[in-house]
Amino acid sequence: MGVDEKPITITDKAASKLRDIAARENRQAFSLRMAVVQTHCMDGRGFTYKLVLDDSTTNNDDDVSEHNGIKVCVAEASAKYLKGAEIDYIETLAEAGFKINNPNVISKCPCGNHDIFERQ
């Protein structure tokens, strides 16, 4: 990771929830694998996020950082979209789940469910 690139950060609440999930699944050691996945929205310009607890070792092309005690692995193809992103966990009456606050997003697709990035 370059000096001018901010790593992915994880809020205290999100880190706590990830640890809870790992404990329920009896995982002693884990990393969070994160990716952006292209959707069909906006002729393929929409993206969604994929988060997976992973027991395996990192791949050679992974961008690896650690924040709040959680190791985050991002494949090289997704890293450019996730620089400076923050993973949070929200819990309200209306919804609960991980929320990605990503400064690289330029807009949402019309359905409101997918992020749009500048064309790379």
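The structure under discussion appears in the preceding block.
Report on the accompanying structure. None of the values given here were measured: they were computed from a predicted structure.

**Description of the sheet that holds strand 1 (residues 9-10)**
Thinking step 1. Reading across the sheet, the three strands line up as 1-6-7 and stay open at both edges, with mixed pairing between neighbours. Each edge of the sheet is formed by a strand with only one pairing partner; in this case those strands are strand 1 and strand 7 (96-101).
Thinking step 2. The pairing of strand 1 with strand 6 (residues 86-91) spans two bridges and is parallel. By the bridge assignment, Ile10 is partnered in strand 6 with Ile87.

**So, the packing of aromatic side chains**
Thinking step 1. Scanning all chains against the criterion turns up four aromatic pairs.
Thinking step 2. Measuring from centroid to centroid gives 5.0 Å for Tyr89 and Phe98, while their planes differ by 70°, and the two rings are edge-to-face.
Thinking step 3. Taken together, the ring pairs connect Phe47, Tyr81 and Phe117 into an aromatic cluster.

Definitions and limits used
- Residues numbered from 1 in each chain as written.
- Predicted model: local features only at pLDDT ≥ 70, side-chain atom pairs only at ≥ 80, totals over all residues.
- Heavy atoms only, no water.
- Pairing = 2+ DSSP bridges.
- Helix = DSSP H or I, 4+ residues; strand = E, 2+ residues; numbered from the N terminus.
- Phe/Tyr/Trp six-rings, centres within 6.5 Å; stacked < 30°, edge-to-face > 60°.

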